[in-house]
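Residues per chain are reported as follows:
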Amino acid sequence: MSVETTETTHLNDARIAPALELVWREAHLLDGKQYEEWDRLWAPGGLYVIPIDPDTEDFASALNMVYDDDRMRRMRIERLTSGYSISATAAARTVRTLSRFVVQHCDGESVELSSAQVLVGHRREETFVLAADVTHHIRLDGARPLIQEKVIRLINSTDAVNASGFLL
């Protein structure tokens, strides 16, 4: 993997702005439970991954909380929006903040951003906080930027994690 460090690629680089806007738009859509519109932010074949092992890079061979390709992502959206799932009927309200953006890679075709995410949720009179390191691989080679891969590394991934009823 070729990496241009932040010494050569800064957040104010014109190639980075569309990727940052995409990540912030994604957070807005997820907090608003606009899952079908969120799904349109993804590139064909995009992967949505929440690994259990905080250090793994081989997601296909590792145990994951979530390892969704296009088909699985759409099935998850169907469960969340159908009203027939307990996760849909008791879905948490969420507000997420993404910060600490670092450009890990940037070329004319893609951007890799790492960031920190803090998600505050409220469900059934209970408020909870989830924190994660997030990596977005974003394709820039089409008409608009699209998410090729999103990896969410929860800081408590090796502990028991309750079913969320929302997308991270």
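Residues numbered from 1 in each chain as written. Predicted model: local features only at pLDDT ≥ 70, side-chain atom pairs only at ≥ 80, totals over all residues. Heavy atoms only, no water.

**Some thoughts on helix α1 (residues 17–31)**
For an α-helix the count is 3.6 residues per turn, leaving residues at separations of three or four pointing the same way.
Link 1 in the chain: With 15 residues, α1 extends 21 Å between its outermost C-alpha atoms, agreeing within 8% with the 21 Å of an ideal straight helix rising 1.5 Å per residue.
Link 2 in the chain: By the burial criterion, the buried members of α1 are Ala19, Leu20, Leu22, Val23, Glu26, Ala27, Leu29 and Leu30.
Link 3 in the chain: Trailing α1 by a residue or two, Lys33 shows a phi angle of about 55 degrees, which is positive. (Helix = DSSP H or I, 4+ residues; strand = E, 2+ residues; numbered from the N terminus. Expected span 1.5 Å × (residues − 1). Buried < 20%, exposed > 50% of the residue type's maximum accessible area, 1.4 Å probe, protein only.)

**Here's the deal with the environment of His136**
Link 1 in the chain: Looking at the secondary structure, you find His136 in strand β5 (residues 126–139).
Link 2 in the chain: Measuring from C-alpha to C-alpha, the distance between His136 and Glu149 comes to 5.9 Å, with 13 residues separating the pair along the chain.
Link 3 in the chain: In contact with His136, other than residues within four places in its own chain, are Val23, Glu26, Val111, Glu112, Leu113, Ile147, Glu149 and Lys150.
Link 4 in the chain: At 2.7 Å, the side chain of His136 and the side chain of Glu26 are in polar contact. (Contact = heavy atoms within 4.5 Å. Polar contact = N/O pair within 3.5 Å; in protein donor to acceptor, adjacent residues only side chain to side chain.)

**Looking at the side chain of Glu149**
Link 1 in the chain: With respect to the element layout, Glu149 can be found in strand β6 (residues 146–154).
Link 2 in the chain: Within the buried core, Glu149 has no salt-bridge partner, and the shortest N-O distance to an opposite charge, that of Arg153, equals 7.5 Å.
Link 3 in the chain: Apart from the residues within four sequence positions on either side, Glu149 is in contact with Trp42, Leu47, Phe59, Thr135, His136 and His137. (Lys, Arg positive; Asp, Glu negative; His and termini not counted. Salt bridge = Lys/Arg side-chain N within 4 Å of Asp/Glu carboxyl O.)

**Regarding the side chain of Ser115**
Link 1 in the chain: Within the secondary structure, Ser115 sits in strand β4 (residues 110–123).
Link 2 in the chain: Assessed through its relative accessible area of 1%, Ser115 is described here as buried.
Link 3 in the chain: The contact partners of Ser115, leaving out residues within four places of it in the chain, are Leu98, Ser99, Arg100, Phe101, Ala132, Asp133 and Val134.

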